[in-house]
Amino acid sequence: MVPWCSSRTQGSSSGSTPGSVGPSSPPSGTSDLTSSDDSGSDFEATLQPCGKRGPQQGPKHSQVRKRPRVMEPNGDRSSTPTVNPEPSTLFEAIKSAKIAVETVVDDWLETYKRDRETGFLELINFIVCSCGCQGVVTPEMFRDLQNSEIIQQLTEQFKEDSSEYPLSLSTRPWRQFRAGFCELLTAVVQRCQYSIIYDEFLMGSLISFLISLTDSQVRAFRHTSTLAAMKVMSALVKVALGVSVHQENNLRQYEAERSKGPGRRATEKLEALMVKRQELREQQEEIENMMNAIFKGVFVHRYRDVVPDIRAICMEELGTWMKTYAASFLTDSYLKYIGWTLYDKQWEVRLQCVKALQGLYGHRDTAAHMELFTRRFKTRMVSMVLDKELSVAVEVVKLLTLMLENMEEALTDEDCQSVYPVVFVSNRPLATAAGIFLYRRLLDPQQGAGVDASHDRDNRTFFHVLLTFFIEIELHEHAAYLVDSLWDCAGPRLRDWETISALLLEESPAEGLGDQQEKVLVEILAASVVQAAEGQPVGREPAKKPSSRERKAQMEERIRLTHCLIPALPKLLGKFSADAEKAAPLLEVLCCFDLSIYCTGRLEKHLELVLEQLEEVVQKHTEQTVLEAASRALHALCDPELALQRHGDRVRSRLADQLADKFNQEVTEMLQASFLDEEEVYSMAATLKRISILFNAHDLTPWQLFDPCTQLLQRAVDTGEVPPQVLVPTITCLYFHILWELSCLPSTDVPEEQLQSLKTKVITFCSLCHSCLSDVDTGIREQAFRVLSDLLLVLGPRLPEDGREELAPLVLRPDAELQSQLAAFLMDHVFYPAYSHEQLLATEDSESCIEELHRRRVLLAGFCKLIIYGVLELSAASDVFKHYTKFYSDYGDIIKETLSLTRQIDRQEWARTLLLSLQQLMTELLHQEGPDIRVSEAFPEIRDLARRFSLFFSLHQLRSRPLLLNIHREGILFAFQKIPGSEPGSPPLNLPFLEVLSEFSPCVLHPDKALLLTYLDKVSREQLGVLAPGDTGQWHPLVTYRNSLQPQDEGGTGESSRGAAPTPHRTKRPRLEGEDWAPPQAPSSSPLLSTHPSSPALTSTMLRGDPRPPRPLFSGSILSSPQQQLHDSAVQSSDAGCLWDAFDSVLNMKGEHRTAPMPLGSVPSAPEGATGPGARYRSQPPGGAAAAAGTARSPTALGGRLSPLPPRAEPGGRAQPQPRQRRFHTGVHQDRSSLSL
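Quick look at the overall build of the chain now. The helix and strand inventory of the chain stands at 49 helices and 0 strands. Every one of the 1237 residues in the chain was classed for burial, and the buried ones make up 51%. Accessible surface, the chain: about 58500 Å² in total, of which carbon and sulfur atoms supply 51%.

Let us look at unusual backbone geometry. For Ala97, which is not a glycine, the phi torsion comes out positive at approximately 60°. Mapping Ala97 onto the fold places it in the loop between helix 1 (89-96) and helix 2 (101-114). With phi around 55°, Arg602 is a residue other than glycine that occupies positive phi space. You can see Arg602 is positioned in the loop between helix 26 (597-600) and helix 27 (604-620).

A few words on the layout of surface pockets. Roughly 1100 Å³ of volume is contained in the largest pocket. The wall of the largest pocket is formed by 29 residues, among which Glu477, Ala479, Ala480, Pro585 and Glu588 lie closest to the centre. Elements that contribute at least two residues to the lining of the largest pocket include exactly helix 20 (479-494), helix 22 (515-534), helix 25 (580-591) and helix 28 (624-637). For the lining of the largest pocket, the element with the highest residue contribution is helix 22, accounting for 7 residues. Residues that form the lining of the largest pocket fall into these classes: 14 nonpolar, 6 polar and 9 charged.

Turning our eyes to something else, we now look at the packing of helix 28 against helix 30 (residues 678-697). Running from N to C, helix 28 and helix 30 point in directions that differ by 40°, and their axes come no closer than 9 Å. Taken together, the axes of helix 28 and helix 30 lie oblique to each other. Classified by chirality, the crossing of helix 30 by helix 28 is right-handed. Mapping the contact onto sequence places Gln624, Leu627, Glu628, Ser631 and His635 in helix 28 and Lys689, Arg690, Ile693, Leu694 and Ala697 in helix 30. Of the residues contributing to the contact of helix 28 with helix 30, the split by class is 4 nonpolar, 3 polar and 3 charged.

As a further point, take helix 23 (residues 548-565). When the terminal C-alpha atoms of helix 23 are compared, their 26 Å separation across 18 residues agrees well with the 26 Å that a helix rising 1.5 Å per residue should span. Among all positions in helix 23, only Gln554, Arg558, Leu561, Thr562, Cys564 and Leu565 are buried. The arc that holds every buried residue of helix 23, seen down its axis, measures 160°, which confines them to one face. Those residues of helix 23 that are exposed and aimed more than 90 degrees away from the buried face are Ser548, Arg549, Lys552 and His563. Buried residues belonging to helix 23 abut helix 21 (497-505), helix 22, helix 24 (568-576), helix 25 and helix 26.

This paragraph deals with the confidence of the model for the chain. Averaged over the chain, the pLDDT score is 78; the fraction of residues at 70 or greater is 73%. Note on residues 448-456: pLDDT is under 50 here. Beyond four places in sequence and across chains, it has 6 contacts. With pLDDT under 50 throughout, residues 1026-1031 is counted as low confidence; its partners more than four residues away or in other chains account for 19 contacts.

This part takes up helix 13 (residues 347-361). A rise of 1.5 Å per residue sets the reference length of helix 13, with its 15 residues, at 21 Å; its end C-alpha atoms lie 21 Å apart and thus fit the reference within 8%. Of all 15 residues making up helix 13, 12 are buried, and the element is well covered by its neighbours. Of the positions making up helix 13, those classed as buried are Val349, Arg350, Leu351, Gln352, Cys353, Val354, Ala356, Leu357, Gln358, Gly359, Leu360 and Tyr361. Tucked inside the fold, the buried residues of helix 13 contact helix 10 (308-324), helix 12 (332-341), helix 14 (364-367), helix 15 (371-383) and helix 16 (390-406).

Basis of the calculations
Residues numbered from 1 in each chain as written. Predicted model: local features only at pLDDT ≥ 70, side-chain atom pairs only at ≥ 80, totals over all residues. Heavy atoms only, no water. Helix = DSSP H or I, 4+ residues; strand = E, 2+ residues; numbered from the N terminus. Buried < 20%, exposed > 50% of the residue type's maximum accessible area, 1.4 Å probe, protein only. Areas by Shrake-Rupley, 256 points an atom, 1.4 Å probe, with all protein chains shown as cover. 1 Å grid on protein atoms, 1.4 Å probe; cavity = no way out; pocket = protein on both sides within 12 Å on 5 of 7 lines; lining within 4 Å. Points joined across faces, edges and corners; volume = space filled by probe spheres on them. Nonpolar A, V, L, I, M, F, W, Y, C, P; charged D, E, K, R; others polar. Axes fitted to C-alpha atoms, helices over the stretch in contact; angles between N-to-C directions. Parallel < 35°, antiparallel > 145°, perpendicular 65-115°, else oblique. Left-handed = near helix turned anticlockwise from the far one by under 90°. Contact = heavy atoms within 4.5 Å. Expected span 1.5 Å × (residues − 1). Arc of directions from axis to C-beta. pLDDT = per-residue confidence, 0-100.

Okay, here's the thing in structure tokens:
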């Protein structure tokens, strides 16, 4: 092992190296940045030989002589290393983190000065140990072997049990170790910068070893050595910068001394300065050689390594070099690497590139050198604002903000238009960064010039610009998001509520705002008030819980805004009460007040004015948004803890009296009249809408509105003459009336009369809603479904819990007819063809489509909650589960959550429901397409649904073992079910279901596959008899299913094969005494042993019929398959009862652990003296009847214990007992999709 400056090279090949992604070509448009000075990797041949040092050279050491290499008789060098059993001292010191790094480096320097070979080996072994390798570089290896040979021996000693190594661990101790590792290497270079790094031994040998180590195929070596080389390079850059500064000072001193007159000039000083100048020049050249060696030997290859962490390290350190030593590194030949890597597929690498550019664009002097780079890669940087990784997008927006501040002409208006909409995204860090960009660019350009915003007392200009921006961008419903995005940078301006109120109350036509501007400014006022009082708006992520300090600040802001807006709010409501779009936000402002100030500040007069305006708003408007805002504001003013509650109660009672009297009068007229004109209908609909919205927040049961609403609803059910705009709020009023009565019931000693009265009302109302489910109007049906879903949930089986047993008579249990109608409603209003994402974007009225999708999601969620909380049987979920794949883009999250929650209720019933979903789809497809369903486009969708269902069983295979066996058993019976009147020998109509069932086969354990094969043979023989040879086309599903259950040899191409050497067959463990199972029960005793299952119940859609006529169920000839000849000896010798017992022994396990486990796949044996079908299995060989008949089985089949997974192989094909190949990379990304569990 010799320094890099010697004549020996390391043989780095040009082009792609181990661990590299491949040849990297620059993106289009960057050819002028490409340089050819680093095209090759054989860099040592071009290095200048190192000259001898001057007077300041370190202590003299005799050059180590290379002894002759000892040759073995076979011609190979002796390569047996002497392993040092003691761990690395440096490694233990850094790992413990108990000693300062400076002290550790000082101790190492003392060792190096005494014996530089010993010190160097200690440093090398520290790096090797940091890789997680147990090997040690001995003095003999250092003297006799090349670097590549040393690394080869270290690789052979890399016998770790896992793929983890220190740098790959993310726990706190190892993060501290990584920081200490980097700090130690940096400190070594800094402490040696004046003498030792020029001794022609330390740095040369260290750089040479690191370059060779980065060329290794072992990921741990490559990762650790790259980090070490980059940190050494960063330290050398700082040293080079110091030498450059010394050169400039020396040159300045020399010029100053030489400019003196001949009499004053000091000749000796000039000579000393000349000597010093020459010495500094030599040092600069030698450091540049070192940096050039690291850059061309490490960086040029590792910046495109297959490991993203290695590429990220290279980009991070490159940015450090450019920022530290811009004179040398801030050139296009280095910037091109950052530009190319902006296109990296891994977000970690892109993030480091952006951060490196932030350090360059953050200063005007360095940003001035970025013109060519900006021109070439600006388009890419602007497009990365929409990066799929949010952390990268945040840093990109910050980078563009720095470009905006330090390069005025870099970003055009078109570039900025790409950033402005980001203020409305849901992610708050990204939106806040975009808000700062918007504020610097558009709202406050003088901020970048150093003008303090706190001295700008008049914010009128700011609000005018903000209003213009908000109107032009045409996202008017997102004022809360805009205010939240600007809150961190423009918070003081947005909290200037005096200026906002003054702008809104101005009456001068010259200075006043337009109608659109007033509307937008009211929204901004309401959003800023809510932001100050409650924090970030709903929907912004991440939603963090405010700290105590933040809550205190919010309380202070709430008090300040209350004092500021109490006098102005009545005036604003008086001016804008006629406009619903402006009145609703102003009423939201009232809910954010500290209402106690009305009493403590003696401001009752303003409260009365506000209540008058609120009552007027309710009487004027019928829009839902403004009525809901008024109801919430009135609820806040009627708070029992409020001192001035009586004022709010008085207004609420007055409103309720007026609305109730008007409603009773109109109901009487409607029930008596035979015809209603439009004005009467509109008046009643408006009254009912006000009552229903007030009923949501206020208890209006004292006004006795249940009976007239019931009469109105009964009239609609009987005659159908009530308009939908009247009927929908009527249903809502009745629903809230029942909920208010239920909430007013005492927790104990409930009066019987009150309980019976409420029960009668509930039954009456539910019966009417049940009738409304078949109404012709869609709005009525949806409202009835929502109300019924909520009532069934509130009055469900859990109502009597928590000490409320007296409410048990109120529990609602839906009958079969109601359940059927709820499922039918779901099919008609939720699971029907909707817009795809592409069609949704192309649709002009996309907002209404989104609202419709949201409404359908609410309906589906209501039905799913009935299943989760036990109101409906779990089998009812099949109507939802069978649409999992077809409607995944619309309801995938809801259905997946329902699947997960229902699995926790009853795993056996849940598995049956999954199977029932597939059977229902199969039956529907048979009725629509006829027997030839395998050529239908819908059949692959059923298989895909089965594959998605199978993923729920892949994690806990032992726990899911009974469920999978039950699914396969019931599926086999369903597939071989006979249709009355079918010809003998013809394939069963449901036979293609076996292809669907094969999607669950990969999750079945190998012993259970053998058991299922035997059971499949038995059922097929019972149902079909002996199959005659013939065409296999009609029997292809059976062939596919059998192949999915066939156990594969370990060395074959089955799912357990990895291309490694086969594992020796493990002999069966002898059964211990007392390990026999109990005698199997009779087949009829198992609850799972049913006869052939009947056809699954058709869904509500099929019950009503399909417009397409069904195809004939039978067509073509009846052919049999010669491949389906059964194992006669195995099947004939097997007993049906024993197969049932084998199934029962597994199905009844239910995942619990037993004291005497049965080997997987074997059948239970009967005790001595036992008689019956299972007794003769005592005399059969392990594996049951199938094994006795000589059927080929894998080592893990019947009677065998589960064998461990075969050992993995290295790329060369040699099997290794330890899975250490995960440390190796051959230059391409590994595809792990084929790995089995």
